[in-house]
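This is what each chain is made of:
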Amino acid sequence: MIPLQEKMIKLAIPNKGRLKDPTINLLKKAGYNFRVKDRLLYSTCTNADLQIIFLRTDDIPILVDSGVIDMGITGSDLLVERNVTRVDEVLPLNFGRCRLCVAVKEDFQGKDIKDLDGKIIATSFPVITKKYFDEAGVSITCIEMGGALEIMVGLRLADAIVDIVETGDTLRDNKLVVFKEINSYQTVMIANKKVSASPEVQKIIRRLQGILIAEEYSLLEYNIKREALKQAEAITPGFEAPTISELDEPDWVSVKVMVRKKEVANDMDRLEAIGATAILETEIINCRL
Ligand code: PRP
């Protein structure tokens, strides 16, 4: 085991589940070099003052809230469930968007939430679940579990579950379907309020932000006649403002601008239609803006 070092920032990340791999990939892309191995509890970055601590996603909010750990990556659903007050959500991450849903067996006959009155619900989210059913005026028995909720319905120990749904594969595999959606959540980076504004924490946030923006945007370059520049700028306003450079030909300028990846093809069509030439898309690997 690697001992935790006081002077290092401690960042807790999921040790399993759907958030584990995207989190590790993001940190590696941001240039943090650390060892990943099953059952490893800590890993010290070889090239930064950062210690990665592998924890259960649902324990991360409490530990960051207590200040024992400085930062964490977890689901915003768990921040609500754990009712933490001493953490800041410092960066939303572009993965792990999910819905918290009430799920029932495929052949469940009910239609309304009131059809679950008197039923048994298994969940890892007892706080949100009880509040949801209370507000609906529906009386339920809530069984709190750490995971593997789906099996409870299969074993007829529960009538429904309240769980996270991302792709829906887990529900399908267990012959369950979404009955009601309670709320939507996303993956977030959190920091204890005492350290969230510190330069060390801000540096980590900036690094990850650079990767997230780079993943979402491409760099587009094109030449356009000066007279059509306003139109072109309306099509590609950029993340901030486009960079305009002079060309040898006085009537023409060259434009360099960031464009959302999902809009690039459409923007290229529109730029071509107003006379832009030499339109090039380049992948952005990393950026600081
Ligand atoms: C959640 C949830 C389901 C699964 C749903 O678990 O409890 O098991 O994700 O995802 P899907 O709709 O894409 O199949 P998670 O992987 O977050 O970790 P856990 O097993 O520790 O709860």
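Note that the structure is predicted; figures quoted are calculated from it, not measured.

Calculation rules
Residues numbered from 1 in each chain as written. Predicted model: local features only at pLDDT ≥ 70, side-chain atom pairs only at ≥ 80, totals over all residues. Heavy atoms only, no water. Helix = DSSP H or I, 4+ residues; strand = E, 2+ residues; numbered from the N terminus. Rg over C-alpha atoms; globule rule 2.2 N^0.38 Å. Buried < 20%, exposed > 50% of the residue type's maximum accessible area, 1.4 Å probe, protein only. Contact = heavy atoms within 4.5 Å. Areas by Shrake-Rupley, 256 points an atom, 1.4 Å probe, with all protein chains shown as cover. Lys, Arg positive; Asp, Glu negative; His and termini not counted. Charge placed at Lys NZ, Arg CZ, Asp CG, Glu CD. Pairing = 2+ DSSP bridges. Axes fitted to C-alpha atoms, helices over the stretch in contact; angles between N-to-C directions. Domains from an automatic or database assignment. Arc of directions from axis to C-beta.

(A) Local environment of the overall build of the protein chain. For the protein chain, the count of helices and strands is nine helices and 15 strands. Against the 2.2 N^0.38 benchmark of 19 Å for 289 residues, the protein chain shows a C-alpha radius of gyration of 24 Å, more extended than a compact globule. Looking at the protein chain as a whole, 45% of its 289 residues qualify as buried. Contacts in the protein chain between residues at least 24 apart in sequence constitute 69% of all its contacts with a sequence separation of at least 6. Carbon and sulfur atoms make up 49% of the accessible area of the protein chain, which amounts to about 15500 Å² in all. With 39 positive and 44 negative side-chain charges, the protein chain shows a spacing of 5 Å between the two charge centroids.

(B) Quick peek at the sheet that holds strand S7 (residues 120–123). An order of S8-S7-S9-S6-S10 is seen for the five strands of this open sheet, with the pairing classed as mixed. This sheet does not close on itself; its edge strands, each paired only once, are strand S8 (141–144) and strand S10 (176–185). Strand-to-strand, the axes of this sheet are offset by a mean angle of 25 degrees, without reference to chain direction. Where strand S6 (residues 98–105) and S10 come together, eight bridges link them in antiparallel fashion. Looking at S10, one finds that Val104 is bridged to Val177.

(C) Inspection of the domain arrangement of the protein chain at higher detail. Under the domain assignment, the protein chain is made up of domain 1 (4–94 + 187–197), domain 2 (98–185) and domain 3 (217–283). For domain 1 and domain 3, the distance between their C-alpha centroids amounts to 39 Å.

(D) Spotlight on helix H4 (residues 126–135). Every buried residue of H4 is listed here: Pro126, Ile128, Thr129, Tyr132 and Phe133. Here the buried residues of H4 occupy an arc of 165 degrees about the axis, which is enough to place them on one side. Across from the buried face of H4, at angles greater than 90 degrees, the exposed residues are Lys131, Asp134 and Glu135. Those residues of H4 that are buried lie in contact with helix H3 (76–82), S6, S7, S8, strand S9 (160–165) and S10. Two residues or fewer past H4, Gly137 is found with a positive phi of approximately 70 degrees.

(E) Highlighting the sheet that holds strand S5 (residues 87–92). The six strands lie next to each other as S2-S3-S1-S4-S11-S5, forming an open sheet whose pairing is mixed. The open sheet has two edge strands with one neighbour each: strand S2 (42–44) and S5. Taking each pair of neighbouring strands and ignoring which way they run, the sheet shows an average axis angle of 30 degrees. On the sheet, helix H1 (residues 20–29) packs against strand S1 (9–14), strand S3 (50–55) and strand S4 (71–75) and is oriented at approximately 145 degrees with respect to S1. Helix-sheet contacts for helix H7 (residues 199–216) involve S1, S3, S4, S5 and strand S11 (187–192), and the interaxial angle to S5 is about 25 degrees.

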